[in-house]
Amino acid sequence: MHELSIAHNIIEIAISECKKAGYSKINSISIRIGRASGVMTDALLFAFDIAKKDSIAENAVLKYEETPVKGRCRECGTDSTVDDTIFVCCPSCGSYQFELLSGRELDIIEIDVE
Ligand SMILES: [Zn+2]
C-alpha cells in the first residue's frame, strides 16, 4: 500500500524534526497534498493511524489541505486550473498537450509539538 509508506515517511520526518527541536510529543502534523499526487487522502489518514502507533506521534492528528492542479497548454499556451486529475486536458482548446505545473506535491507544512 502506497499510502502506508507515505504515512511512515511523514511520521519519520515529523519525529526527527520534533526531537531536533528538543520536544517529545507531536500533537498534529499539517500537510499539503496536490490533487494530482495520486495519494488517496482517506487511505492516507487510515495509514497514518496505523503508522503512528507506539511512537511519540501516537496522539497526533493529521491535517491536510488539497492544492489544485495547475498547468499550461503546449498547444495554445493558456494557464489553467483543472479538476480532473486523470485525463488532464486544456480547458480552453481541449488539447491533451497539457503540462502540469503544480498539483503533484506532498509537503509537510507544519508540525505541532510540545
Ligand atoms: Zn489549450
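Quick note: structure is the one above.
Computed from a predicted structure; not experimentally measured.

Calculation criteria
- Residues numbered from 1 in each chain as written.
- Predicted model: local features only at pLDDT ≥ 70, side-chain atom pairs only at ≥ 80, totals over all residues.
- Heavy atoms only, no water.
- 1 Å grid on protein atoms, 1.4 Å probe; cavity = no way out; pocket = protein on both sides within 12 Å on 5 of 7 lines; lining within 4 Å.
- Points joined across faces, edges and corners; volume = space filled by probe spheres on them.
- Helix = DSSP H or I, 4+ residues; strand = E, 2+ residues; numbered from the N terminus.
- Donors = N, O, S within 2.8 Å, 3.2 Å for Na, K, Ca; no water.
- Tetrahedral: all angles 85-135°; square planar, octahedral: opposite > 155°, others 65-115°.
- Buried < 20%, exposed > 50% of the residue type's maximum accessible area, 1.4 Å probe, protein only.
- Contact = heavy atoms within 4.5 Å.
- Pairing = 2+ DSSP bridges.
- Right-handed = clockwise from strand over helix to strand, strands pointing away.
- Patch = residues over 30% accessible without salt bridge, like charges linked within 9 Å, V, L, I, M, F, W, Y side chains within 5 Å.
- Areas by Shrake-Rupley, 256 points an atom, 1.4 Å probe, with all protein chains shown as cover.
- Salt bridge = Lys/Arg side-chain N within 4 Å of Asp/Glu carboxyl O.
- Axes fitted to C-alpha atoms, helices over the stretch in contact; angles between N-to-C directions.

Q: Account for the layout of surface pockets, with residues named and values stated.
A: In this structure, the largest pocket spans a volume of roughly 260 Å³. Taken together, 16 residues form the lining of the largest pocket, with Arg35, Ala36, Gly38, Val39 and Thr85 sitting closest to its centre. Going through the elements one at a time, strand E1 (26-34) and helix H2 (41-51) are the ones with two or more residues in the lining of the largest pocket.

Q: Explain the coordination of the zinc ion to me, and be specific about the residues and the numbers.
A: Ligation of the zinc ion by protein atoms is provided by Cys73 (SG), Cys76 (SG), Cys90 (SG) and Cys93 (SG), these donors lying 2.3 Å from the ion. Angles of 106 to 115 degrees at the metal separate the 4 donor atoms of the zinc ion, which places the site in the tetrahedral class. Sequence positions of the donors to the zinc ion reduce to the motif C-x2-C-x13-C-x2-C. Of this pair, cysteine 73 sits in strand E3 (residues 69-73) while cysteine 93 sits in the loop between strand E4 (79-82) and strand E5 (98-102); the two residues are 20 residues apart in sequence, bridging distant segments of the chain. Residue classification places cysteine 73 among the buried residues on the basis of a relative accessible area of 2%.

Q: Tell me about the side chain of serine 30, and please be specific about residues and values.
A: Positionally, serine 30 belongs in strand E1. With residues near it in sequence (within four places) discarded, serine 30 still touches Lys63, Asp107, Ile108, Ile109 and Glu110.

Q: I'd like to hear about unusual backbone geometry, residue by residue, with values.
A: A positive phi angle is found at aspartate 54, which is not glycine, with a value near 55 degrees. Structurally, the position occupied by aspartate 54 is in the loop between H2 and strand E2 (61-67).

Q: Summarise the pairing of E2; cite the residues concerned and give the values.
A: The pairing of E1 with E2 spans 7 bridges and is classified as parallel. Note that in E2 the partner of serine 28 across the bridge is valine 61. Crossover E1 to E2 through H2 is right-handed.

Q: Could you give me a rundown of a nonpolar patch on the surface, with the residues and numbers involved?
A: The grouping of Ile86, Phe87 and Tyr96 at the surface amounts to a nonpolar patch, some 420 Å² of accessible area in total. Assignment of secondary structure puts tyrosine 96 in the loop between E4 and E5. According to the relative accessible area criterion, tyrosine 96 is exposed, its value standing at 56%.

Q: Report on the sheet that holds E5, specifying residues and quantitative values.
A: Read across the open sheet, the 3 strands follow the order E4-E3-E5; overall the sheet is antiparallel. For this open sheet the edge positions go to E4 and E5, each flanked by a neighbour on one side alone. Averaged over all pairs of adjacent strands, the angle between strand axes in this sheet comes to 40 degrees, irrespective of strand direction. Where E3 meets E5, 4 bridges bridge the pair, whose relative direction is antiparallel. Following the sheet pairing, cysteine 73 is matched in E5 by phenylalanine 98.

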